[in-house]
Amino acid sequence: MAHPRQLHLNVNILQSGFVPSAWRLPGADPRAFLDVGHYVRVAQLAERARFDAVFLADNAAIADQIHFRPINALEPTVLLACVAAATSHIGLIGTASTSYNEPYNLARRFSSLDHASGGRAGWNMVTTADIASARNFGLDAVPDHGRRYARAGEFADVVRALWDSWDDDAFIGDQHTGRFIDPTRVHPIAHHGEFFHVQGPLTLPRSPQGRPVLVQAGGSADGREFAARHAEAVFSASQTLEESRAYGQDLKARAAALGRGRDAIRVLPGLTTIIGATEAEARARRDALVDSIPWDYSLTRLAGTLGITPDRLRLDERLPDDLPLPAGGNGNHTFFAATLALARRQGLTVRQLIRELAGGGGHRVVVGTPEQVADDIAHWFESGAADGFNLMPDALPDGLQLFVDGVVPLLQRRGIFRREYEGRTLREHFGLPRPDDGRRTVSKLKVA
């Protein structure tokens, strides 16, 4: 008998894989981060396994140490359009910052992707906290945390209004009568706010799923309130089941208090998997990958997550006791909190912490057999700690292939993951309703 809830799985295509040394594996292509075919192959593999979506992270600057690791180089919506042409069902979620975009252009890009893919697009809404990105857009300092989220909130309101500025029945296309569009059903949004002045309407009618799915990633108080107000899926970072369950309950309670209902948001923690035929084989794979990362790279990355300089870290000592929020609270709260909690809870030295994180930055890592990984996922799902996961295999495509071949059949056998797609749009995959058309959203924005 089918499980009453169904697990959701995305794959986050982080170039050659989540572990920074994945590009060094035998058979890996060092140029995969620039190869559209690499992303297409990963997406097709995920689609064959009936994943909900592929997910693309992005940065507005070079945010990693390029002397060793590849970066997110290709613009997400362009790349996802290529993926859309080579797939038929899998969702397409791309990241774009509210800090360094304008609502109209972004609304048009993602609506175009939604139309081109038949209703499979999602926008991962982020604010940007690093100084390198600020300098790429003419700023000498990162805008204040609260200010970034205030702009993000208005940005999301405007984008949603633009997506809904056409009624569902605005397009006529009657060749006999010569009526093409009913202009009375296409509405200017006439938005005049603190950050944006946008007349509208958008140049595109609504897509098959109404509008792209709104996704968010952020764990600060401002981030949670933003997610509760706008997000339909959240890419979270939690190291323990209890943390994730508390986070999800808080987020869903906030959404319910805003009149959205507790089922309005899908909570999808990040999860890195390192899989072997035995647990010892999986741990050996993890250790080989981590030992292929220069320790100075790992120390610099960990220091950046914690908002300190690398000289404050000693490989065989624990983290310093006095670690305030990065940049006086103006940095990235989510990975700081997740990383610090893991280190403090287990009493890890810096070397042990880097190994537990598989050289990464804050997301949970599960190392084991397909059965162990499936048991872990099912336990979190059935305990209400997650609606699914944003999967980040250690290496791509082979780490995903191990998951697809070994873990997916076990999840299907448990009745918690689909064997076939039941719809074609991303909203249908996530079990989200198709939103109302422009008559309601545009009028609500004008009232607000």
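Look above for the structure.
Definitions and cut-offs
For every chain, the first residue of the written sequence is number 1, and numbering continues from 1 onward in sequence order. The predicted nature of this model means local features are confined to residues of pLDDT at least 70 and side-chain atom pairs, given and counted, to a pLDDT of 80 or more, with totals for whole chains, interfaces and linings taken over all residues. With hydrogens and water set aside, each side-chain value is computed from the structure's full complement of heavy atoms. Relative accessibility thresholds used throughout: buried, under 20% of the residue-type maximum; exposed, over 50%; partly exposed, between the two (1.4 Å probe, protein chains only). Helix and strand labels come from DSSP, where a helix needs a run of H or I of at least four residues and a strand needs a run of E of at least two; each type is numbered from the N terminus. What makes two strands pair is DSSP finding at least two bridges between them. Think of it like this: strands point away, you trace from the first strand over the helix to the second, and a clockwise trace means the crossover is right-handed.

**Concerning the pairing of strand β4 (residues 121–126)**
Inference 1: A large share of β4 lies buried, amounting to six of its six residues.
Inference 2: Here β4 shows a buried face lined by Ala121, Trp123 and Met125 and a second buried face lined by Gly122, Asn124 and Val126.
Inference 3: Where strand β3 (residues 91–97) meets β4, six bridges bridge the pair, whose relative direction is parallel. Counted as the bridge partner of Ser97 is Val126 from β4.
Inference 4: By the bridge criterion, four bridges tie β4 to strand β9 (residues 213–216) in an arrangement that is parallel. When the bridges of β9 are listed, Met125 appears paired with Gln216.

**A few points about the pairing of strand β1 (residues 8–12)**
Successive residues of a regular strand alternate their side chains across the two faces of the sheet.
Inference 1: Judged by how many residues are buried, β1 sits mostly within the fold: five of five residues are covered.
Inference 2: Here β1 shows no split at all, with His8, Asn10 and Asn12 on one side and Leu9 and Val11 on the other all buried.
Inference 3: Sheet topology note: the β1/strand β13 (residues 388–391) ladder contains four bridges and is parallel. In the strand pairing of β13, Leu9 is matched with Phe389.
Inference 4: Alignment of β1 against strand β2 (residues 53–56), held across three bridges, turns out to be parallel. Counterpart to Asn10 in the pairing with β2 is Ala53.
Inference 5: Tracing the backbone out of β1, into helix α1 (residues 36–48) and back to the parallel element β2 gives a crossover that is right-handed.

**A short note on unusual backbone geometry**
Inference 1: Of note, the bond from Gly200 into Pro201 is cis; its omega dihedral lies within 30 degrees of zero at 0°.
Inference 2: Its place among the elements puts Pro201 in the loop between β8 (197–198) and β9.
Inference 3: The amide bond that connects Leu396 to the next residue, Pro397, takes the cis arrangement and shows omega of 5°.
Inference 4: Within the element layout of this structure, Pro397 appears in the loop between β13 and α13 (398–406).
Inference 5: Positive phi, normally seen in glycine, also occurs at Ala358, with a value near 55°.

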